[in-house]
Structure formats: structure tokens, C-alpha cells
Amino acid sequence: MPTDAAAKGVKLERYASGGALLLRRVASGKFVAASSHLLFRATVLATLALVFLFAFHYPSLLSRSFSLVSADASSSSATSSRLHASHRSLLMSSSASATYGGEKWDKEIRRSAKPRRDGGISVLVTGAAGFVGAHCSLALRARGDGVLGLDNFNSYYDPALKRARQRLLSDRGVVVLDADINDALLLEKLFDLVPFTHVLHLAAQAGVRYAMEAPHTYVASNVAGLVTVFETAAKHADPQPAIVWASSSSVYGLNKETPFSEDHRTDRPASLYAATKKAGEAIAHSYNHIYGLSITGLRFFTVYGPWGRPDMAYFSFARSIVAGEPITLYADARRDFTYIDDVVKGCVGALDTAARSTGSARSGKKTGPAPLRVYNLGNTSPVPVTRMVAILEKLLGKKANKRVIAMPSNGDVPFTHANVSHAAHDFGYRPTTSLDAGLRHFVDWFVEYYKLDTKIVKAAQAAADKKKPATKKKAAAGKSASS
Ligand SMILES: NC(=O)c1ccc[n+]([C@@H]2O[C@H](COP(=O)([O-])OP(=O)(O)OC[C@H]3O[C@@H](n4cnc5c(N)ncnc54)[C@H](O)[C@@H]3O)[C@@H](O)[C@H]2O)c1
Ligand SMILES: *[C@@H]1O[C@H](CO)[C@@H](O)[C@H](O)[C@H]1NC(C)=O
């Protein structure tokens, strides 16, 4: 759901950049040359007054501090003001004088990022309060790696869910900072504090349709934010970390060849979201080429599971089915639904096989140029969306009130299907979870998280089990630690 806060954030950003423009014009050399000395002084005074007024109106421009947010710190108004703060820091990050946490803050961050096993890696996870970020952080933490998360907790979807994921991580000793990836000063500070071996960059504005409402948030997070992460990793971190980041299957756009392979055309995006991910892949190429950053792009295919995203179809359909509200399906749409635990294994595999950054693509060092990699992470078996709904109906013990329409041209593509042979070859990626098994894990979590009446659901699942032949049960067995 689009939110007021997000919309206001964008408005504020426009307002603020207008102000910056004005100040720049007032101070420009031409203007000064044309005016008398007195006029110049008056102008300076007026400028100062303007700056003062602006800063007074938005006091957090002057003093910024980053809190290690404790579990209960989430009223929705606090969240929306944080969202605004993040948009401001996008504009002011190079000029504001920042005050960061202090000794205790530094210590907490070092502790979170410190590996607890021999040979463990130390990973900065952006978007760590997000769906994939939270699962990956837990998995890395569980095997003894150091993890520091950051997330701006924006209200594109219910921030309470992001806070709940943050609590889950905090219970396992993983800190998730309230911060925006466009805050270069903060990133520099983090790279000063911790010699991160890897960055798992998952923070982004996700969602295909929301791009028609809030196009600039996509550019701010997926293009500008990506550049800020690459820029600080390339120029400030020592040693440079290896970077693994989330691209998307949406880059295949209007591609008709199937299954989608990494070398297929990706120059026909069907949405602005897809276009920003495609731009990200081009930007990755340039940072690898110039600065020798080791960069791996992962094209995720419709990831689903426990702690998932309420804006995605399987999740919002489940809510509507429970609430007895109608759902709208696109006829003939098929998706290569990929279970979260499989995607987590892919992310971890990509991290573990990422070569070191070299500092320069043509460094001539023995290590050679840093690698630039891109992999599909899908399930390799597309399923009609109508079938996904049928599974949900079965698991929830309730019929959906369906309205089936032709797919409008709002950015969605009719079909996705991954060829994952490169990921299989390079890091043993093998998706093992069927949609039936994965959705059951999702529904179990969903029912518990929203404290729904479990009796109906349990009865429906028992009935489904009775009907199921024994041989088909294989994938239901392994509910992983990360869910
Ligand atoms: N889930 C999928 O099906 C899917 C498919 C393809 C690609 N992806 C990509 O995978 C990544 C993770 O997706 P997800 O499903 O976990 O989404 P998500 O929205 O749950 O997670 C992204 C997180 O990043 C945070 N964030 C957004 N902008 C930020 C900024 N400027 N600074 C700091 N934090 C910011 C959000 O608050 C959110 O918690 C994203 O890059 C997404 O585009 C996801
Ligand atoms: C998948 O990709 C690999 C590597 O590019 C290719 O050899 C193989 O033929 C592809 N498989 C299909 C079914 O297209």
C-alpha cells in the first residue's frame, strides 16, 4: 500500500532541493560581481537568515544521531519522521556535520559485526529489516559470521513488521541500525569501525506497481543509494569488501526466450522498478571496471515465505481470503515462485564464492581483475497464479472470492522462469522447496503472526494431508532455522 509518509517524503525532497537551488543561485559568483559591496552583505545576511530559518524548521539537519533502536521504539509517527529524516540526509549527507553514537555505539556495532567462528566473514547487510535481509542475516549469524544490519524502516509496507524482524535479529545479537543507504557519512563511519569482508546489499524500493505512484523513491534507493554504497565501498573501505547485491528477474522484461538465462536480453524493462535494477547492473559494471570492486548481482525470482512482504500477491491474497474480501487475479500469469530458504542458500553461496576486490580492475596484481558476476536465483518451475491461490485456499480452509481479469500493462510481466545452471555450477545452488511446501510454511507463520483462529487452518491442513499420497510429502520436512 502506498502511504502518506512516503508521499510526503517525496514532496519534502522536492521542496528541499528547490531550497538548495535557491541558495546556490543567491551565492553564485555572477550575482556577486554584479552587485555593490553593500548589496553583497545584505545578500549574505539574507542567505544566513534563510539557512537559519530552514534549519530551525528542520532541526535534525544540525544534529544527527543514530540510535541502536530497541525493540519497542516504533510508534508510527516516529517511523514517518524517520522516513523524512532519511530523505533529508539524502540531500544533505555531504554537508551536514554528523554526530555518531559515541563509545557505546561503536562497541555495539563492532560486537554485532564480529565473526564468532574461525574463518567467519563480517557482513554489512543493507535492508536487514526487510524480508530477504532478515532471513539472510539470521542464516549468517547462525553459522557464526559477523552481521551488522541497516535499514531506513520506511513505510512502503507496515513498518511494524520490519520492527518485528529487527527484534528477531536483536534477540540473536544482530544490530540493525536506523539509517539510509544514501547517508555516505554513516557508511564511512561504519567502514572505519569494522573491516567488513562483504556487503550484502538488499536495501531497495521494491514493488513493480508502486513505481507509478512514487517514481522518485525508486531512483533515490535503487540508483542513488546503490551508487552511495559502491562509492563508499570503493573509495573509503580498507580493505574493499566484496559486494553481493539484489537485482531482479524483472530485468528480463519483455524477454520471450525461456527459461530466462543470464545472457538473454535485458534492455526492455517493463516497469520503472525493472529499469532501476537494470541501471544498477550497468552501474555495477562501471564500479567493477574502474575501482576493481568484486560485485555479484543476484536476479531473484518472486521470493516468498514466512516473514514475507505484505505487498506481494501471495501475502495480500492470504489476507483477503481470511478477511473474506475479493481478490483480483491476472489471467494466464505464471511465476517462478522461489522459497526464501532456497534464496538464502543462494545468497550465502554467492558471498562464500565472491573473490576479493582488487582496488583496480587493471591492477596487474596476481589476483587479476576483480570478478563481475550475475546469477539467476529462481525455482525453475513456473506455476500459474491461479494455482497459487488454490493452494492458499486449501491451506487456509477458505474459498477466495476471485475476480479474474486480463493483465493490464502496469509493469507486471506475464511469465517468469529461471535457468539457474550458472548458480548451480558456481556455488551448488539447488532450489528444493515446492510451492505447496513453501506456502504451508508461510501460512503457519502468517496464522501465528496475525494471531488468527488456528482451528480452521489446522483442520484444513489435516484434511489436505489425508488426501495427499505419501510420496509427495518430501519437501514439507525441512522447515529451516531461518524461518
Ligand atoms: N522479494 C522478491 O520477490 C524480490 C524479487 C526480486 C528482487 N528483489 C530485491 O531483493 C531485495 C530485498 O527485497 P525484499 O523482498 O526483502 O524487500 P523488502 O522491502 O522487504 O526489503 C528491503 C528493505 O530495504 C529497506 N530500504 C529501502 N530503501 C532504503 C534506503 N534508502 N536505505 C535503507 N534501507 C532501505 C526497506 O525498509 C526494507 O526493509 C530488494 O533489493 C528487492 O528489490 C526481491
Ligand atoms: C541454461 O543455461 C545454460 C548455460 O547458459 C545452457 O547451457 C542451457 O542450455 C540452458 N538450459 C535451457 C533449458 O535453456
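Here, every reference points to the structure presented above.
Heads up: these notes are all about the structure in this document. (Residues numbered from 1 in each chain as written. Chains lettered and ligands numbered in written order. Predicted model: local features only at pLDDT ≥ 70, side-chain atom pairs only at ≥ 80, totals over all residues. Heavy atoms only, no water.)

### Examining the overall build of the chain
For step 1, the next point in the chain: The helix and strand tally for the chain stands at 16 helices and 13 strands.
For step 2, the next point in the chain: Every one of the 483 residues in the chain was classed for burial, and the buried ones make up 52%.
For step 3, the next point in the chain: Across the chain, the fraction of contacts at a sequence separation of at least 24, relative to all contacts at a separation of at least 6, is 83%. (Helix = DSSP H or I, 4+ residues; strand = E, 2+ residues; numbered from the N terminus. Buried < 20%, exposed > 50% of the residue type's maximum accessible area, 1.4 Å probe, protein only. Contact = heavy atoms within 4.5 Å.)

### As for the packing of helix α11 (residues 313–323) against helix α15 (residues 435–449)
For step 1, the next point in the chain: Between α11 and α15, the least distance of the axes is 12 Å, while the angle of their chain directions is 55°. As summarised for this structure, α11 and α15 are arranged oblique, according to the angle between their axes. Considering only the axes of α11 and α15, their crossing is right-handed. Across the interface between the two elements, Y314, F315, A318, R319 and V322 of α11 pack against L439, F442, W445 and F446 of α15.
For step 2, the next point in the chain: Taken together, the residues of the contact of α11 with α15 sort by class into eight nonpolar, no polar and one charged. (Axes fitted to C-alpha atoms, helices over the stretch in contact; angles between N-to-C directions. Parallel < 35°, antiparallel > 145°, perpendicular 65-115°, else oblique. Left-handed = near helix turned anticlockwise from the far one by under 90°. Nonpolar A, V, L, I, M, F, W, Y, C, P; charged D, E, K, R; others polar.)

### Topic: the pattern of salt bridges
Oppositely charged side chains can form a pair if their charged atoms are brought close together.
For step 1, the next point in the chain: One pass over the full model with this rule turns up 16 salt bridges.
For step 2, the next point in the chain: With a shortest N-O distance of 3.3 Å, K402 and E393 are connected by a salt bridge.
For step 3, the next point in the chain: When salt bridges with common partners are traced through the structure, they connect R117, R143, D145 and D352 into a single cluster. (Salt bridge = Lys/Arg side-chain N within 4 Å of Asp/Glu carboxyl O.)

### Digging into the site of ligand 2
For step 1, the next point in the chain: Close to ligand 2 lie P259, S261, N419, S421 and H422.
For step 2, the next point in the chain: Within the side chain of N419, an N or O atom sits 2.3 Å from an oxygen atom of ligand 2.
For step 3, the next point in the chain: Separating an oxygen atom of ligand 2 from a side-chain N or O atom of S421 is a distance of 3.1 Å. (Near = heavy atom within 4 Å. Polar contact = N/O pair within 3.5 Å; in protein donor to acceptor, adjacent residues only side chain to side chain.)

### Here's the deal with helix α6 (residues 131–142)
For step 1, the next point in the chain: The first and last C-alpha atoms of α6 sit 17 Å apart over 12 residues, in line with the 16 Å expected at 1.5 Å per residue.
For step 2, the next point in the chain: In terms of burial, α6 is a largely internal element, 10 of the 12 residues being buried.
For step 3, the next point in the chain: Among the residues of α6, those classed as buried are F131, V132, G133, A134, H135, C136, S137, L138, L140 and R141.
For step 4, the next point in the chain: Among the residues trailing α6, G144 stands out with phi positive, at a value near 100°. (Expected span 1.5 Å × (residues − 1).)

### Quick word on the site of ligand 1
For step 1, the next point in the chain: Around ligand 1 sit 28 residues in total, of which V132, D151, Y157, Y273 and V303 are the nearest.
For step 2, the next point in the chain: V132 places a main-chain nitrogen or oxygen 2.8 Å from an oxygen atom of ligand 1.
For step 3, the next point in the chain: Between N152 and ligand 1, the recorded distance is 3.1 Å, taken from a backbone N or O atom to a nitrogen atom.
For step 4, the next point in the chain: Protein coverage of the free-state accessible area of ligand 1, which is 810 Å², stands at 97%. (Areas by Shrake-Rupley, 256 points an atom, 1.4 Å probe, with all protein chains shown as cover.)

### Description of the environment of V244
For step 1, the next point in the chain: You can see V244 is positioned in strand β5 (residues 242–248).
For step 2, the next point in the chain: Counting along the chain gives 43 residues from V244 to H201, while the straight-line C-alpha distance between them is 6.2 Å.
For step 3, the next point in the chain: Excluding its chain neighbours within four sequence positions, the residues that come into contact with V244 are V199, L200, H201, T296, L298, A350 and L351.

### What about the packing of α6 against helix α12 (residues 340–353)?
For step 1, the next point in the chain: Between α6 and α12, the least distance of the axes is 10 Å, while the angle of their chain directions is 65°. In this structure, the crossing between α6 and α12 has a hand that is right-handed. Side by side, α6 and α12 meet where F131, V132, H135, C136, A139 and L140 of the first sit next to I340, V343, V344, C347, V348 and L351 of the second.
For step 2, the next point in the chain: Each residue belonging to the contact of α6 with α12 can be placed in one class, and the counts come to 11 nonpolar, one polar and no charged.

### Considerations on the packing of aromatic side chains
For step 1, the next point in the chain: One pass over the full model with this rule turns up 29 aromatic pairs.
For step 2, the next point in the chain: Ring geometry for Y314 versus F315: centroids 6.2 Å apart, planes at 55°, classification tilted. Both residues of the pair, Y314 and F315, belong to the buried class.
For step 3, the next point in the chain: With 6.1 Å between their ring centres and 40° between their planes, F442 and W445 make a pair best called tilted. A residue pair is termed a helical-turn pair when its members lie 3 or 4 positions apart in one helix, as F442 and W445 do in helix α15 at three residues.
For step 4, the next point in the chain: Through successive ring pairs, a cluster of aromatic residues spans Y304, W307, Y314, F315, F337, Y339, F442, W445, F446, Y449 and Y450.
For step 5, the next point in the chain: Here the basic side chain of R163 rests over the ring of F153, its NZ or CZ set 3.5 Å away from the ring centre. (Phe/Tyr/Trp six-rings, centres within 6.5 Å; stacked < 30°, edge-to-face > 60°. Lys NZ or Arg CZ within 6 Å of the ring centre and 35° of its normal.)

### A word on the nonpolar core
As a rule of thumb, nonpolar side chains are buried together in soluble globular proteins.
For step 1, the next point in the chain: If you look at the biggest cluster of nonpolar residues, it comprises 82 residues, and the most contacted ones within it are V132, F300, Y314, M388, L392, L439 and F442.
For step 2, the next point in the chain: Beyond its immediate sequence surroundings of up to four residues, F300 is in contact with V132, L202, A246, S247, S248, S249, V343, C347 and L377.
For step 3, the next point in the chain: L124, V199, L226 and A233 belong to the second-largest nonpolar core, a separate cluster that totals 32 residues. (Core = buried A, V, L, I, M, F, W, Y, C linked by side-chain atoms within 4.5 Å.)

### With respect to helix α7 (residues 159–171)
For step 1, the next point in the chain: Here α7 is 13 residues long and its end C-alpha atoms lie 18 Å apart, about the 18 Å a rise of 1.5 Å per residue gives.
For step 2, the next point in the chain: Within the span of α7, buried status applies to P159, L161, K162, R163, A164, R165, Q166 and L169.
For step 3, the next point in the chain: Count one or two residues on from α7 and you reach G173, which has phi positive near 85°.

### Considering the state of the cysteines
For step 1, the next point in the chain: A full pass over the atoms with the stated rule returns zero disulfides.
For step 2, the next point in the chain: C347 supplies the cysteine sulfur nearest to C136, a cysteine that is in no disulfide, at a spacing of 3.8 Å.
For step 3, the next point in the chain: By relative accessible area, which is 1% here, C136 ends up buried. (Disulfide = S-S within 2.5 Å.)

### Re the environment of A279
For step 1, the next point in the chain: For A279, the location among the structural elements is in helix α10 (residues 272–291).
For step 2, the next point in the chain: Put simply, A279 and S247 are 32 residues apart on the chain and 9.7 Å apart in space, counted from C-alpha to C-alpha.

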